Structure formats: structure tokens, C-alpha cells
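# Structure at a glance
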Amino acid sequence: MILGAASIAEKIPFLWPEIAAFLATCVVMVVGLSPNLGTRRLCAPIAGLGLVAAGVLAAFTTPEGTGPLPFLMPFAKVVLCGVGLVLLLLASGVVDRDEEAVIAAGKATFNPLRTNRAEFYAFFLFSLTGLMLCASADDLIWLFLALELTSLPTYIMVTMSRTGRDGARSCEAGVKYFFLGALGAAMFLYGFALLYGGTGTTSLRGIERAFVSQSGSGGINSIAMVGMLLSIVGVGFKIAAVPMHLYTPDVYEGSASPVAAFLAFVPKTAGFLAIILLVSTMGWTFARDGSAAGGHSLPQLVLLTLWVMAALTMTVGNVLALLQKSVRRILAYSSIAHSGYMLVGVIAGPGDGTSITRNGIAAVLFYLLCYGLMNVGAFAVLACLDRKAGDDSPELETVDDLRGLCSSHPVLGWTMVVCALGLMGFPPLLGFFAKVPLFTSAIAAGEIPLVIVLGLNSAIAAFYYLQLVAAPMLEAPDTTVRTEPTGHAARPMAALISAASVVGVAVASGPLMEAGAKAGGKPVAKKPAEQPKRPPSGPSGH
Amino acid sequence: MLSGILNSLAALMPAAEAGGDLLHPPKGAMLMLAVPVLTLVGVLACTICAVARVRTKLPAWISVACLAGAFGCVLATFLGYEGPRHAVGFEWIHLQWGGETPRGGGQVPIRALHANFGLYVDTLTLLWMLFVTGLATLIALYASEYMAGDVRTAGYSRFFVAFNLFVFSMSCLVMADNLLLLYLGWEGVGLCSYLLIGYFYKKPSAVAAAKKAFIVNRIGDLGLALGIMLIFVKFGTVEYATLLADSKFQGFLAAATAGDFASIPWDIQLIPALLMIGAFGKSAQFPLYVWLPDAMEGPTPVSALIHAATMVTAGVFLIARTFWVFQVSEYALPIVAWIGAITALLAATIGMAQFDIKRIMAYSTVSQLGYMFAGLGVMTSVGAAFHVFTHAFFKALLFLACGAVMHGFAGQLDLRKLSGVQKMPGWRIVGVTMLVGCLNLAGFPLLAGFWSKDMILAQAFAEPGYSAVGWVLLLTAGLTAYYTFRVYFRVFVGPQHFEPGDEVHGHDDAHGHGDHGHAHAEPAHDGHGHGDHAGHAHGSGGGQHGFHPHPPGWAINLVLVVLAIGAFAIIPLNFIGEHAGHGGWAADMVHHSTAGPLPAGAGHAAEGHGGGHAEHGTFLGMDPHKVMYYVSGVVGIVGIGIAFVLHLAGRTEAARSRADGLLPALGPIPGWAQHKWYVDEFYDFLIRTPLWVAAHLFHLVDKLIVDGLVNLFGFIPRALGKAIRPSQSGVLHGYALAMAGGVAFLLLIVLMAAL
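Residues numbered from 1 in each chain as written. Chains lettered and ligands numbered in written order. Predicted model: local features only at pLDDT ≥ 70, side-chain atom pairs only at ≥ 80, totals over all residues. Heavy atoms only, no water.

## Quick notes on the overall build of chain B
Helix and strand counts for chain B stand at 27 helices and four strands. Counting only residues that meet the buried cut, chain B has 57% of its 755 residues in that class. Sequence-distant contacts in chain B: of pairs separated by 6 or more residues, those separated by 24 or more amount to 78%. Only carbon and sulfur atoms are counted for the fraction: they give 70% of the accessible area of chain B, which is about 29200 Å². (Helix = DSSP H or I, 4+ residues; strand = E, 2+ residues; numbered from the N terminus. Buried < 20%, exposed > 50% of the residue type's maximum accessible area, 1.4 Å probe, protein only. Contact = heavy atoms within 4.5 Å. Areas by Shrake-Rupley, 256 points an atom, 1.4 Å probe, with all protein chains shown as cover.)

## Side note on the interface of chain A and chain B
Contacts between chain A and chain B engage 33 residues on the former and 24 residues on the latter. Regarding the contact of chain A and chain B, the summed buried area is about 2500 Å², with carbon and sulfur atoms giving 82% of it. Between the two partners, chain A and chain B, sit zero salt bridges. The interface formed by chain A and chain B includes one residue pair in polar contact (both at pLDDT 80 or more). (Buried area = accessible area lost by both parts, 1.4 Å probe. Salt bridge = Lys/Arg side-chain N within 4 Å of Asp/Glu carboxyl O. Polar contact = N/O pair within 3.5 Å; in protein donor to acceptor, adjacent residues only side chain to side chain.)

## Here we look at the packing of aromatic side chains
Residue and element names in this part refer to chain B. A full pass over the atoms with the stated rule returns 43 aromatic pairs over all chains. Ring centres of Trp128 and Phe131 lie 5.8 Å apart, and the angle between their planes is 45 degrees; this geometry places the pair in the tilted category. Of the two residues, Trp128 and Phe131 both sit in helix H4 (residues 123–146), three residues apart, roughly one turn of that helix. Plain terms: the ring middles of Phe160 and Phe163 are 6.1 Å apart, the flat faces sit at 55 degrees to each other, and that makes the pair tilted. Here Phe160 pairs with Phe163, and both are found in helix H5 (residues 155–175), just three residues apart, close to one helical turn. (Phe/Tyr/Trp six-rings, centres within 6.5 Å; stacked < 30°, edge-to-face > 60°.)

## Observations regarding a positive patch on the surface
On the surface, Lys325 of chain A together with Arg718, Lys722 and Arg725 of chain B cluster together into a positively charged patch. Note that Arg725 of chain B resides in the loop between helix H26 (679–724) and helix H27 (732–754). Here Arg725 of chain B falls in the partly exposed class, since its relative accessible area comes to 38%. (Patch = residues over 30% accessible without salt bridge, like charges linked within 9 Å, V, L, I, M, F, W, Y side chains within 5 Å. Lys, Arg positive; Asp, Glu negative; His and termini not counted. Charge placed at Lys NZ, Arg CZ, Asp CG, Glu CD.)

## Some points on the environment of Val312 of chain B
Residue and element names in this part refer to chain B. Summarising the element assignment, Val312 is placed in the loop between helix H12 (300–309) and helix H13 (314–321). In this structure, the C-alpha to C-alpha distance between Val312 and Ser283, residues 29 residues apart in sequence, is 4.3 Å. Those residues in contact with Val312, other than ones at most four positions away along the chain, are Lys282, Ser283, Trp291, Leu292, Ile306, His307, Thr365 and Leu369.

## Examining the confidence of the model for chain A
Residues and elements named next belong to chain A. For chain A, per-residue confidence averages 85 on the pLDDT scale, and 90% of positions sit at 70 or higher. Looking at the elements of chain A, mean pLDDT is at its lowest for strand S2 (residues 483–485), recorded as 74, and at its highest for helix H7 (residues 140–160), recorded as 94. In this model, residues 525–542 is a region of pLDDT below 50 whose contacts with residues beyond four sequence positions or in other chains number 19 contacts. (pLDDT = per-residue confidence, 0-100.)

## Some points on a nonpolar patch on the surface
Together, Leu700, Val701, Leu704, Ile705, Val706, Leu709, Val710, Leu712, Phe713, Phe715 and Ile716 of chain B make up a nonpolar patch on the protein surface, roughly 1100 Å² of accessible area in all. Mapped onto the elements, Ile705 of chain B comes out in helix H26.

## Brief notes about the packing of helix H18 (residues 428–442) of chain B against helix H20 (residues 467–492) of chain B
Residue and element names in this part refer to chain B. The interhelical angle for the contact between H18 and H20, taken along N-to-C directions, is 165 degrees, at an axis separation of 8 Å. Regarding the angle of H18 to H20, the classification is roughly antiparallel. Read as a crossing pair, H18 and H20 show a hand that is left-handed. For the pair H18 and H20, contact is made by Val430, Gly431, Met434, Leu435, Cys438, Leu439, Leu441 and Ala442 and by Thr480, Ala481, Thr484, Phe485, Val487, Tyr488 and Phe492, respectively. In terms of residue class, the contact of H18 with H20 is made up of 12 nonpolar, three polar and no charged. (Axes fitted to C-alpha atoms, helices over the stretch in contact; angles between N-to-C directions. Parallel < 35°, antiparallel > 145°, perpendicular 65-115°, else oblique. Left-handed = near helix turned anticlockwise from the far one by under 90°. Nonpolar A, V, L, I, M, F, W, Y, C, P; charged D, E, K, R; others polar.)

## As for unusual backbone geometry
With an omega of 5 degrees, the peptide bond running from Val242 of chain A to Pro243 of chain A counts as cis. On the secondary structure map, Pro243 of chain A appears in the loop between helix H10 (222–239) and helix H11 (247–254). Following Pro427 of chain A, the chain continues to Pro428 of chain A via a peptide bond in cis, the omega torsion being 0 degrees. Mapped onto the elements, Pro428 of chain A comes out in the loop between helix H17 (410–424) and helix H18 (430–444). For Arg53 of chain B, which is not glycine, the phi dihedral falls at a positive 55 degrees.

## So, the packing of helix H14 (residues 327–348) of chain A against helix H15 (residues 360–384) of chain A
All names here are of chain A. In the contact formed by H14 and H15, the axes pass within 9 Å of each other and the chain directions differ by 170 degrees. Of the possible angle classes, the one that applies to H14 and H15 is roughly antiparallel. For the pair formed by H14 and H15, the contact residues are Val327, Arg328, Leu331, Ser335, His338, Tyr341, Met342, Gly345, Val346 and Ala348 on the first element and Gly360, Ile361, Val364, Tyr367, Leu368, Tyr371, Asn375, Ala378, Phe379 and Leu382 on the second. Across the contact of H14 with H15, the residue classes break down as 14 nonpolar, five polar and one charged.

## Observations concerning the pattern of salt bridges
Residue and element names in this part refer to chain B. For the structure shown, the criterion picks out 20 salt bridges over all chains. The shortest N-O distance in the salt bridge between Arg416 and Asp414 comes to 3.0 Å. For Arg416, a relative accessible area of 30% translates into the label partly exposed. You can call Asp414 buried: its relative accessible area is 14%. For the salt bridge of Asp680 with Lys676, the shortest nitrogen-to-oxygen distance reads 3.9 Å.

## Quick look at the side chain of Arg328 of chain A
Residue and element names in this part refer to chain A. Tracing the backbone shows Arg328 in helix H14. From its side chain, Arg328 meets the backbone oxygen of Glu253 in a polar contact 3.4 Å long. Reaching out from Arg328, the side chain makes a polar contact with the backbone oxygen of Ser255 at a distance of 2.5 Å.

## Regarding the environment of Ala193 of chain A
Residue and element names in this part refer to chain A. Structurally, the position occupied by Ala193 is in helix H8 (residues 167–199). With relative accessibility at 43%, the residue Ala193 sits in the partly exposed group. A sequence separation of 34 residues divides Ala193 from Gly227, and the C-alpha atoms of the two residues are 7.1 Å apart.

## Quick look at the nonpolar core
Trp128, Leu182 and Met434 of chain B are the most contacted members of the largest nonpolar core, which totals 213 residues. Of all the elements, helix H17 (residues 381–408) of chain B adds the most residues to this core, at 19 residues. Those residues in contact with Trp128 of chain B that sit more than four places away from it in its chain are Met170, Val174, Thr313, Val316, Phe317, Ala385 and Val388 of chain B. Core analysis: the next-biggest nonpolar cluster, separate from the first, contains 196 residues, Leu301, Tyr341, Ala462 and Ala519 of chain A among them. (Core = buried A, V, L, I, M, F, W, Y, C linked by side-chain atoms within 4.5 Å.)

## Details of H5 of chain B
Look at H5 of chain B: 30 Å from first C-alpha to last across 21 residues, which is about the 30 Å you get at 1.5 Å a residue. For H5 of chain B, the buried fraction is high: 19 of the 21 residues fall into the buried class. (Expected span 1.5 Å × (residues − 1).)

Dropping the structure here:
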């Protein structure tokens, strides 16, 4: 699989956003080591600029792709740059808080070996770059590398996210995350290898063609099929799907809230992009009641796997969240449940229409955006407040800590209320508009039992989300727990932006849904005259 | 000068377009659109007052201004009236469906539900709007003083919000060009009625009355809603013009005119029956009349405007507006006539035995509404509408006079505890205007109430087959005269005496109405009043805390005088126009509307005066249209005479009169009448008790079975969560094992399932 010079040149137009993000990463790494505090502080703005540049480039320079979902790339990249910016705001002050305070007090001098500011922002950008590369992937190796580029920095971000007494907890979380992540990576790497074995190519396009010819002549190669199933289940680690979900609550609880918010969006998006790309090589072209070609469904085995994963994931996530007292564990389990919801969209597939209400992929893409915003908002509230004195953890922990937040810290309290209602899918907030296309596309695809499971789970989820609504809104403040703002102005801003978008994006959801529908759409049928223009192997080049 | 302004306003209206008939009037009458707009402005402004905590009489003045403006618009339209007009505010509802081709072939026909916020302005509309907006203006002025006790609370603004909203809803109801907008208004007035009856929401009886009114009205509203739906299903439209011009409908009408009711399908004949139920509910007809007497718990201006003059005539309006629809059924109008007659008699007998003067007036309203329905039933829509018009004036007058008494005597309404009020200082105007109202209600010869009641009576005898209805109504006329003057003779003349009600208050305007303070109520005592003191009249006995009845102020007196003059002023209207002597102006108004006679070709004239009938009933062999003036006049005077003998002549104390001596001779009947013939108790037994039992049974089912199931479903996820919680042990190698095992297990299941 050596990429020829010509094919590299062909890929460059797809990669401008990644290149921009990478350049920003390099600058951040250097700037973060400056002995001058003012210069060090430029890390976050530079990272933000890089993301803005990447988003603009993604929106305006990306040409149409050649895969089964040619419009996926620009939408996904713009979305993740947008959410990435909010995450960046939220991440302000995660690292070096104590160190900088000590230096500012004149008790120590700057020591490049003791700071990790540059590393944190660099890893932040590396992970997002990996995520963008996932969206661009057209080859299994590329996809694997992109997935790992997304995940590896997050292991370290988790570990370094807390210091002092909590450092041990974040270290434990980081170690767990890393080992289990390696296990997941091993699993989908094995799956990729089997896919190669069964189709003879690592190019997604090539695999797609191989599947077409295989299903035309006696069914898909069983090695390739096992590979596909292993890949899906393995990538399930990234999206925290059952049975690869077990790490989620421990890791979310162990890491600082901004990083937990990051984990809930970035690796999850990467995982969904990977699953969509992998599954789309088989295409939603099979009959529902068998593996015979002709229809709008996935092959039976893949369908069954995804079906079981989706149903179990949302159910396990929701029922375990019911029992939790810790807000971050609740959000962790709810993140599992939301992955289950989104798998329903993957099962539904692009459908036959370009409308988002019939296009499951578009519904998933839109849901990812909405989930990202609502989730960041909820974590931001936790990140904005410190618990004072006499506690193990300076961050807010239990639902009780949120009591009366609407009266003591109105902005944060109402952000929590709005985001929790949004996550619950309460009309007319964003979560509602995000969830509706999932339902309608699944109904259009004929997955009625799954829709019922989805509906029941939404109802169960209401129980714990309403706790997050009731505690800040209806209950009296807890006088024993004193909470104070952390003093990072950017964090409440992130909360506010999230809350505003939970309301505002819902109002403007029409164009976004249309964009999502376009992104999840199938290639427009090309005129035969255009076909010969592209080389037979396509730009994946091998 | 005023009329000059109004005329110039009228000139502002778009010139009448050429062409158009009764059913398809040209566009115009845009000025009428100002009526709902102005009243809505009133609603908004009063709401702002409520929000801004305005604690002055500002909301009252805003309301009076808005309502007077609305009245001016109506008057200007009326003065510039040249024929029916149609004004479209905006497209309100437009739904369209059908048109697709089902698998079986063929095509589903396109259906559309179309309803504009459009006004249909003909003479019937104008007649109603004139007295609705006119009376609303006057009564808002009256209420500005009457409600003064609540100025310092939010209640004052709340009252006027609901008051304006009521006029808005009523104008939608009356001016609508389609049944859907009428229904909006219909529900709107019902809501406002509920809000205003329950105005003193801290008083349990007011809350109960409000609920009763609302619930009983729901029964009627259901009928109306079903009727409108059936019209839509059968004719595909809810607009009057389209409906009446519909060729299918015209066919039914022609069949009905020819007496061929057998050819009209039963479901078409069901439409008027359903509409009728709606009308019975809103206009308090038997068996749905029970809410109206209780509705007197509301403030008196509300009773006067909504529960006497305007809203309760909505049923009459509905039947008048859809009069043609009622003629496609063989039984609809006879039922209306008989229900009206029964209601008139029943309510009159109850009214005779009550002691609460406001309640007597309430039963008299029910009774008079019965007259109107009987009038509609015997095909004199003109007489019914004329009676609505005159009744609006004198009943509002009567209520407002009773309200002034209630206001002045701390809520005292018992006619046994008040006497000779007219002679007390400051009460002369109330007494005289009360007398005017009573004379009208009693049908004293030559007064407005006499002419309108007479038209209905005469037509009942003239219409063949309805002479029994006529006799019932004639008897009722006598009873009406008796109970009306029973009130007047007991309360306003005779020896002076009073006991204040239980809303004893400090002084003047700073007093409460039920909302606050009925703590000083003292047991009744039988001292004679000695109100001939100069200055204030004092009740005897020590329990009064120096109570002074305070006579009404300028606003109340002004409104009473204006209404009394109005009651006289409308008499000449009976003698102008094409129908001089037979409804006169009001008859013309109705005659030229959809409530008038059928269009050319239909012989079954709906005119009020029997001319041109092939058959003609008689009153004891005489032409009822000629003799009824004398007969009803005599009956009225006899009733007044009996009341005089029994309740005034020789009466020396408030609580007792000569009538009490007669009661034992009548056995238990007066007691039954006083208990309203036990209708409420009967309804309780027949409807409420079974529902109560059923409700408790269902509650048990709900609690044991439904809740049990729900709790079970709530329990399952938690139990499931508890069961799988140990998997989250936090141990790394446990997780790894679970993941690998899970993947293996999942793949195994999938592969097993596939094989």
C-alpha cells in the first residue's frame, strides 16, 4: 500500500483542514515552552485560531469525495471544529493551575520540564486532527492510524487533567483507559486484518467493490464478514458501546470535567465516523429478511450485531445511570445510552430520500453535533464550580451539590437545566429536534421494534435527567456545601454558549438539518460520461 | 355633533360594491373589524395594568373608552348601512387534504376546511352588536363604581380583562361569517363567564357556581361542536354563505318547504337537533338551565351583562342565524317551542317562591329566554329577536338596580329583610328605574317589554298547532307580572326597614365584596327600620356597628337613568319601518337577514306576523294578532294587582306579608317551588351520584392495577441496573475480561443466529 506521489497530490485538497490544525499544533508546542507567561498564554488562542482556520477550510475547500458517502467530510469537519472551539474554551486552566500560581507568587521560576501546558493543547489539537483524518479516511490503514491519533492523546489528557490529591484518581483513570483502549484497538485492528484477508484490499472503495462482487456471487466472504463484525465491535470502544463500555464511568469520573466532556465528544465522533465508513462499504443494499442483495438494509449479520449493540447499549446505559448519585457518572452512563440511540441511525442507513427524516446517517451526524453541544454544557457547569473546604474533591460531584444552583449561580443553574432537558429530548430544545430524525428514519427503515426500545429508553432516561433539572431548579441550596466559581472566565462562557446553542440551534435547526441530510446523502447518480474521468482505482490510489 | 362624527366615520368605509345578495354580500364594513381589535386592545391594556400593579380606576376608564369606541364603530356602520357586508380580517384556518391516489385506484377527493377571521355584517349582526357594545359600555361604567372596593387589589384589573375579553368573544360569536369563528366566540364567552362567575374565587359557593356553569355549558358546547362537524361532513363547509347557497342544502330546504320531510336524511335532520343542544346550554333552557341561577355568584355587572342581556342570548342568536338549517328538520322548531314554553313556566314558578331578589331576576331571565325560544319555535324569529333586544335593556336595568341595592346594603338581597328602599335618601333614582324595569318585565301595556312579548304570544296562537304553547306562555306572563312586582312591592315601597348583609364594611368605597370581610354578620332581628332620619338611615339594634347603607354614586345612577330612558326610547322603534306595530325597526332588522323569511320560492314564511298563512290559528275564535294586545295587557295588570294585594296593601313589616297567609292553603307546592322543584337534587341523583360511584371504582382500578403496572415498569429498570451493577467493579482486568468475553459472546450469538 504505498501511496504514490500522484495520489498524495490528489489527497491534498481533502486535507487542508488537517494541515491547518497540525500547523497550529506545532506552533502551540513551541509557544507553550516559552519562559514568558504572556507568550505561554497564547497557547489556547493559537489553538483556537487553528480550529477556526480548519473549519473554514473544511467548509470551503473540500471537494466532493468518492466514497459511498461523498458529502460526509466537510460537514463532519465543520461540526467538530465548532464543538472543538467550545471544548477549548472549557479546557482553559485545566493544566498548570497550581504551577502558574506558584510562579506568579514568585516562589518558583519557570521550568520547562515541570510545565505541561504545551503538551495539553498540543494533544488536544492532535486528537482533533485525528478526528478530522477519520472523516477523510478512505483506507483501512489510514482509518486505524486516524483512530489511534484521536485516542492516544486522550489517554495522556486524562492522566494529566488533575493534580494534587485527585492526581491519583486521574492517573488510575488514564491507566484504565489506556489498557482497555489498547484492547479495543487490538480488536478492531484484528478485524481490519481479517477484512483485508477477505477482500484483498485495504481501500474502502476496493472493499466496497469486493463486497459487491462477492454478494453477487454466493454471498460475502465469511472471513471478511467476521472481520467486519470484529471491527464494528472493536470501534465500539470509541463510542462506548456494549460490551466495550465498561471503562466509561470510571474514566469520566477520574478525569477533570473539561476532559470528560472532550472524551464524550471527540473519540465518540471518531468511532461513529469509522463505523459509518466501515458499514457503508457493505452498503444498505440488502433485503431485511436475509443476506440477499436488493433492499435498503445492511447484511443480516451486521444488522443483527448493530441491533443487539444498540439495544443493549441504550438499555445498559440508562438503567445504570438510574442508580448513580455522581453527576459525572450519570453523564458517563448517559453518554453510553446516547451512543445506543445513534447506532439506531446507523442501522437505518441513508434510506432512499435526502430528507433528514428518512436518512439515518444524516440523523446521526446531526445528533453528534447536538449531543456534543448539550454534553459540553452539562460538563461545563461542573467545571465552573469548585467545592470549598473539607472535601476530597474540589469539583462538584453529586446531584446534591447542584441543589439550588439556579438561585445561587443562575447562569450555571439554568445552563444545567437547559442542557439536561435537551439531553432528555424535551421539546422544543435541541435534543428533541435531534432525536426526531432518529425515530423517523428508523421507522422509515422498518425497524419498529428498535424504535420501541428507543422510545422506552428515552422514557427511562427522563428519570435521571429530571433529577439534574429538579436539583438546581426546584430544591433549596445546600448550605453545607459551599460552591465558588473557579475563576476561569472562559468556562462559564463555554457553558453559556452551549446553553444558548441548545435553545438557539434548535430554532435554526432547519439549515443544519439540511446540511446534515446532504452530508449523509448518497452520491448523486453521475452521468456515464463523467465516470471515465476518474482512474479506476480512485484517489485512494494503490 | 356625535352623529356627524359617526356619519363621517361611516363614510370612511369602502363604498359599497355593486352586486351581491344576502348570501354573497360585497366586501366592506371594515369598520366592524375595529370592534374585535378595540376590545383586544382593552384586554391587553388591562393586562398591562394588572402586570404593572396599577391600583387606580385606570383599567375601568380604558375599558369604557375601548367599548365606547367599539360601540361608535357599530353605530357608524349601522348609520351607513346599505346592505349586508362581508369583511375578511385574515385567513384563519385553511387545511386541505386528499387528492392522493390510493392503491385501489381512483382518487381521494380533495377536501378543505376553510375559515376566515371574517365578519358577516347584516342587520341581525348589527342588531345584536348594537346592544352588546352599547350595554357593555354602560355596564363597564357602572362596574367602575361597583367594583371600586377592589381597586386596591389586582382583582380590579382582572375583572376588566375578563370583561373586555368577553366583549371580544361575543363580537366574534355574533359577527362571524362561519361557524368555526362562532364557535371560538362561543367558547370564549363561556370561558369569560366562568372567570367572572368565579371572580370571588375565595368564596366556595362562587367557585362551585363557576364550575357548574362551565360544566353544564360543556354539554351544550359538545352538541354545538358535533353539529358544526356534522355540517362540515355533510356539506364540506362551515361558512354560512357557502352552506346556505349549497345546492344540496337548497334541495333539502325545498323539500322541507313542500312538507316532504321523509326525503331528508335523518343525519341532516340531526344537525339542527345538535345545534339546539348548544343553544339550550348557552341560553339556559330546560334541562340545562340549572347553571344560570347559580351564576349570580358573580359580581352584579357581570350578571347584568353576561347572564341577563348578552351571552345568554347567544343561543337565540345561533338559532336565528341558522334559522334555515332548523327548517330542514320536522321536529327541530316544535321542540324549540315546547322547550321554551316549559322553561318559561318552570322558571317563573321557581322565581315566585324565591326570596333572593337577584335570584328571582335570574329565574326571570331563564323564563324570558324561554319566551324567546318559544318565539323562534313558532316561527317568529322577528318576535324573538325583538324580545331579545327589549329584554336586554330592561333586564340589564333590573339587575343593575338590584346590584345597587346589594352594593348599598352590604350584600343584602333577601326581600324579607329590605323594605321601602325607594324612600330612603339617595335611593330615589334606583327605585324609579327599578319600577321602569319591572313594568317592562311585567308586560305593562304600551311599554317595550309589552310589545315584544305580545308578538311572541300572538304568533303562538296564530301558528296552527301551537295554541297550547300560547296558553302556557300566557299563564307565564301573569306569573311574571306577579313575581316581578312581588320584588318591587316588598323591597322598594312599603314601610322602611333594612338589615345589612354579611358584607359589612367600614364606609363608602373601601369595602369588600365577598373577597374579604364577612366577619361582622349578626343574626337577623326584626326591628322596624326607621330610615326617616335626616342623613343616614340606621337599622335598629346594636349589631350593626353603625352600618350606613350608602346610596349609589353618579356612575351607577347615570347608567340606570340611561338604561331607563333607553327602555322608553325603544318603544317608538316598534312603530317605524315596514313592520310598524309588529316589531317595527327590530323586525326590519331581522327580516333582512338570514333569520328572515326564506328566499323567494319558499312559501313557509318565517315572518313574525302570520300574514299570508294559508291556515291561521285563532285565540278563542278571534284573530290573535288583534286581541292579544288586550289579553296580555290585562294578564299583566292582573298579575301586578295580585302582587299589590298580597305584598303591599296593608303590609306593616318587611318579613311578613299577606301572601304568607295563603301559603298553607297551597300545601307543599310553595316549598317545592322554593327548592327549585328539586331539579338540582334530581340531577345529583341521576348523574352525579352514579358518576361519583364510578369515579371511585375507577380510582381503585387505577390505583391497584394501572399504578401497579406503572410502578412495576419503574421497578424493572432499577432492578436491572442493580443486577448488572457489579459489572462496574472498577477492576481493570475484570473490565478487560468482561469486554473480551462480551465481544466473544456477542459474536457467538450473532453467528449462532445466522446459522
